[in-house]
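For reference, the chains in residue letters:
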Amino acid sequence: MITVLRLGHRVIRDQRVTTHVALTARAFGADSIIISGERDDGVIESIEKVCTEFGGGFGIEYAKNWKRVIEGWKKKNGVAIHLTMYGEDIDDKKEEIMEKCKERDMLIIVGGPKVPFDVYKMVDYNIAVGNQPHSEVAALAIVLDRLVGSEGRKKRFMSAKKRILPNPVGKTVVEGLLG
Ligand code: SAM
């Protein structure tokens, strides 16, 4: 099981990026997201709306205390991976991480504003997607692509109201309750 922990959400300022982190997590094969920082029911509702429309059992929750989330994860023998431009490159660590997570749940942590240094010390891995600053959305997409592969993107999203069929030109959307 893969969960994404989004740190330091700020109401209004981060609404769009946090929504994109959640949608990317869902579309690239993660099972759930935990949003930390300021509580923002609007963001949770907008992600839930996409999940209802496009299906799948993606979980969304808010946690005030991110430290407790990471501690709880470690207590349950889960693997915690923090994405940061200061870390070791995903391409150098992906085999080791995949081996370690064969039978263990994975928590992928992404920041927003300045990430507290405790995060760096609490996790099993500090992982970079290149050592240049970019975005939590880009970093998450690439890390999920490396660790889950195309299986994550192609998984069937059950109980969807809408499903998009690939179309070289134009849009094909099948509607109705789809198993
Ligand atoms: N200033 C913040 C700090 O002190 O960590 C980073 C802000 S950055 C816009 C937001 C998030 O994007 C980071 O916390 C990290 O999760 C992710 N990120 C940005 N560049 C990255 C990279 N090269 N590799 C991995 N993750 C990255």
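Now for the site of the ligand. Taken together, 19 residues lie near the ligand, and Leu83, Val129, Gly130, Gln132 and His134 sit nearest. In this structure, an oxygen atom belonging to the ligand sits 2.6 Å away from a main-chain N or O atom of Leu83. Within the side chain of His134, an N or O atom sits 3.1 Å from a nitrogen atom of the ligand. When the ligand is considered free in solution it has 570 Å² of accessible area, and contact with the protein chains removes 80% of it. For the shell around the ligand, the secondary structure elements donating two or more residues are β4 (79–89), β6 (125–128) and α6 (136–148).

Attention now moves to the packing of helix α4 (residues 90–100) against α6. A pair of packed helices is characterised by two quantities: the angle between their axes and the separation of those axes. Running from N to C, α4 and α6 cross one another at 45°; their axes reach a closest spacing of 10 Å. Viewed along their axes, α4 and α6 adopt a mutual orientation that is oblique. In this structure, α4 crosses over α6, and the sense of that crossing is right-handed. Of the residues in α6, those touching α4 at Ile90, Asp91, Lys94, Ile97 and Met98 are Val143, Arg146 and Leu147.

Conventions and cut-offs
Residues numbered from 1 in each chain as written. Predicted model: local features only at pLDDT ≥ 70, side-chain atom pairs only at ≥ 80, totals over all residues. Heavy atoms only, no water. Near = heavy atom within 4 Å. Polar contact = N/O pair within 3.5 Å; in protein donor to acceptor, adjacent residues only side chain to side chain. Areas by Shrake-Rupley, 256 points an atom, 1.4 Å probe, with all protein chains shown as cover. Helix = DSSP H or I, 4+ residues; strand = E, 2+ residues; numbered from the N terminus. Axes fitted to C-alpha atoms, helices over the stretch in contact; angles between N-to-C directions. Parallel < 35°, antiparallel > 145°, perpendicular 65-115°, else oblique. Left-handed = near helix turned anticlockwise from the far one by under 90°. Contact = heavy atoms within 4.5 Å.

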